[in-house]
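Summary of the model geometry
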Amino acid sequence: MAAPGQNLAVVVHRAGDLRLENRPIPEPGPNEVLLRMHSVGICGSDVHYWQHGRIGDFVVKDPMVLGHEASGTVVKVGAGVTHLKPGDRVAIEPGVPRETDEFCKTGRYNLSPTIFFCATPPDDGNLCRYYKHSASYCYKLPDNVTFEEGALIEPLSVGIHACKRAGVTLGSKVFVSGSGPIGLVNVIIAKMMGAAAVVVTDLSASRLQTAKEMGADFTIQIKNETPQEVAAKVESLLGCMPEITVECTGVQACIQASIYATRSGGTLVLVGLGPEMVTVPIVNAAVREVDIRGIFRYCNTWPVAISLLASKRINIKPLVTHRFPLEKALEAFEITKRGEGVKVMLKCDPTDQNP
């Protein structure tokens, strides 16, 4: 166990080089809080930085602390912080704008080019014992919301933002492509927003079973179908083509299937990110007026998510399938890399390993 003065952290140095090391405990600035971290989920992006040392233009040049799906307890507040106090349990929104630019003024601060974001080079994440963060982007958790639920607000936010951008509403028929953690939160949120029927595709039977448990009406296990065949199966199960498709894999064939599957005049939201260049039937989408929308992370989702969790309208607890103490982070990363379970959670507080 770490001595009181130690700040054990999970640090990626370069592709393939992941280490547990001690960092100094940071001092919060006037508008920041120091947090004792409790629960931090491992994201596919964390694994990608470890395996490849980069995601697109974001390259690990210096050692970087991983982790951005997180919750913890306030232990110290900066002089200018009034809404939080030591002992408060909080969920952390990892993206903090550095300046009030045009995007912030219009409420789309996630698009601000200079935004700070946990565990996106060169910004350190919060997979450590102690972490400081902008107080405005730490949200107090009600007593009936666990630390793990607080950490899961980050992936849940991707679902909220995607379904909002997709225009999911009462009676929507929705196709969710991919049943990993992000596909699953989109199933949960689409149903919550009133979708009448949701169909989910994936290669993995176990993940599709989880999708069913999370509220999916239909599932399709992909074997070796063509994109057009996948689209036909989606239409057959729903009884019509879906107005809304949420693509969560980034795989070229899946994006193709998503275009073919979406009803004319409908909307396709691209959530999963793969290679920069993909070949897609863009003319098919164009002549059928299928709107293709991107999403970049999320904005203004934490208060919504906390309200949903506090009111018990949704249950995201089953998403957590594995738990490891911070000291066993390297083992936890291996499990995530192998694609076992759904969400692997690291427990950063040696005195409290509860959910």
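Quick notes on the rules
- All residue numbers refer to positions counted from 1 along the written sequence of the respective chain.
- Local features in a predicted model are, by the rule used here, given only for residues with pLDDT of at least 70; side-chain atom pairs are given and counted only at 80 or more, and totals for whole chains, interfaces and linings are based on all residues.
- Calculation of side-chain values draws on the structure's entire complement of heavy atoms; hydrogens and water are dropped beforehand.
- We call two strands paired when DSSP finds no fewer than two bridges between them.
- Only DSSP runs of H or I reaching four residues or more are called helices, and only runs of E reaching two or more are called strands; each is numbered from the N terminus.
- The rule is simple: put a 1 Å grid over the protein atoms alone, call a set of points where a 1.4 Å probe fits but cannot get out a cavity, call an open set with protein on both sides within 12 Å along at least five of seven lines a pocket, and count a residue as lining if it has an atom within 4 Å of a point.
- Grid points are joined across faces, edges and corners, and a volume is the space filled by probe spheres set on the points.
- Gly falls in the polar group here, along with every residue not listed as nonpolar (Ala, Val, Leu, Ile, Met, Phe, Trp, Tyr, Cys, Pro) or charged (Asp, Glu, Lys, Arg).
- Salt bridge criterion: a side-chain nitrogen from Lys or Arg within 4 Å of a carboxyl oxygen from Asp or Glu.
- For every residue, the accessible area obtained with a 1.4 Å probe (protein chains only) is divided by the maximum for its type, and the residue is called buried under 20%, exposed over 50%, and partly exposed between those limits.
- What counts as an axis is a line fitted to C-alpha atoms, over the stretch in contact for a helix, and the angles between N-to-C directions run from 0 to 180 degrees.
- We call two directions roughly parallel when the angle between them is under 35 degrees, roughly antiparallel when it is over 145, roughly perpendicular when it lies between 65 and 115, and oblique otherwise.
- Crossings are assigned a handedness: left-handed for a near helix turned anticlockwise from the far helix by less than a right angle, right-handed for a clockwise turn.
- Any two residues whose heavy atoms approach within 4.5 Å are treated as being in contact.
- Handedness of a crossover is defined as follows: orient the strands so they point away from the viewer, and if the path from the first strand over the helix to the second runs clockwise, the crossover is right-handed.
- UniProt positions are given in the numbering used here, feature names are shortened, and annotations may be inferred rather than shown by experiment.
- Every patch collects residues that have over 30% relative accessible area and no salt bridge, joining them within 9 Å if they carry like charges and within 5 Å if they are nonpolar side chains (Val, Leu, Ile, Met, Phe, Trp, Tyr).
- We get accessible surface area from the Shrake-Rupley algorithm with a probe of 1.4 Å; when it comes to residues, only the shown protein chains can shield them.

All right, on to the pairing of strand S7 (residues 69-77) then. With eight bridges connecting them, strand S3 (residues 32-41) and S7 associate as antiparallel partners. Residue pairing in the sheet places Val33 in a bridge with Val77 of S7. Two elements, S7 and strand S8 (residues 89-92), share four bridges in a ladder whose sense is antiparallel. Each residue of the ladder has a partner; that of Gly72, found in S8, is Val90.

One number sums up the size of the second largest pocket: a volume of about 290 Å³. Here the lining of the second largest pocket takes five residues from strand S11 (residues 130-134), the largest share from any one element. Here the lining of the second largest pocket is composed, by residue class, of eight nonpolar, four polar and four charged.

In this section: the pattern of salt bridges. Per the stated rule, a full pass over the model turns up 19 salt bridges. Lys347 is the salt-bridge partner of Glu148, the closest N and O atoms lying 2.8 Å from each other. Pair noted here: Glu148 is in helix H3 (residues 147-166) and Lys347 is in strand S20 (residues 343-347), with a separation of 199 residues, a long-range link. There is no split in this pair, since Glu148 and Lys347 are both buried. The residue Arg338 makes a salt bridge to Glu340 at a minimum N-O spacing of 2.6 Å. Of the residues examined, Arg338 reaches a relative accessible area of 52% and is grouped as exposed. Among the ionic contacts, a cluster of salt bridges with common partners joins Arg14, Asp17 and Arg19.

The next point concerns the packing of helix H6 (residues 227-238) against helix H7 (residues 252-261). For the pair H6 and H7, interaxial distance at closest approach is 8 Å and the crossing angle is 45°. By the criterion of interaxial angle, the relationship of H6 to H7 is oblique. Crossing angle aside, the handedness with which H6 passes H7 is right-handed. In this structure, H6 uses Pro227, Gln228, Val230 and Ala231 to contact H7, whose residues at the interface are Ala253, Gln256, Ala257, Tyr260 and Ala261. Its residues placed into classes, the contact of H6 with H7 shows seven nonpolar, two polar and no charged.

For the rest of this paragraph, the subject is the pairing of strand S13 (residues 173-177). Burial analysis of S13 places four of its five residues in the buried class, which makes it a mostly covered element. Of the pairings in the sheet, the one linking S13 to strand S14 (residues 197-202) comprises five bridges and is parallel in character. Note on S14: the bridge partner recorded for Phe175 is Val199. Considered for its hand, the β-α-β crossover made up of S13, helix H4 (residues 181-192) and S14 is right-handed.

Turning our attention to the packing of H4 against helix H5 (residues 205-213). Following both chains from N to C, one finds H4 and H5 inclined at 20°, their axes separated by 9 Å at the closest point. Considered as vectors, H4 and H5 are oriented roughly parallel to each other. Crossing of H4 over H5 shows right-handed handedness. Residues Pro181, Leu184 and Val187 of H4 form the contact with H5, whose participating residues are Arg207, Thr210 and Ala211.

When the UniProt feature table is mapped onto this chain, "domain: Enoyl reductase (ER)" (unreviewed entry) is found at residues 16-346. Along residues 16-346 one finds 30% helix and 26% strand; the C-alpha atoms at either end are 20 Å apart.

Before going further, it helps to examine a nonpolar patch on the surface. Residues Ile282, Val283, Val287 and Ile292 make up a contiguous nonpolar surface patch of roughly 380 Å² in combined accessible area. It is helix H8 (residues 282-287) that contributes the most residues to the nonpolar patch, three residues altogether. Relative accessible area serves as the criterion here: at 35%, Ile292 is assigned to the partly exposed category.

A few words now on the sheet that holds strand S2 (residues 17-23). Strand order in the open sheet formed by three strands is S2-S1-S6, with antiparallel pairing between adjacent strands. Strand pairing shows two members of the sheet lacking a second neighbour, S2 and strand S6 (64-65), which therefore form its edges. With two bridges joining them, strand S1 (residues 7-14) and S6 adopt antiparallel strand pairing. In the sheet register, Val11 faces S6, and the bridge partner there is Val65. Together, S1, S2 and S6 form the strand contacts of helix H1 (residues 44-52), whose direction differs from that of S1 by roughly 55°.

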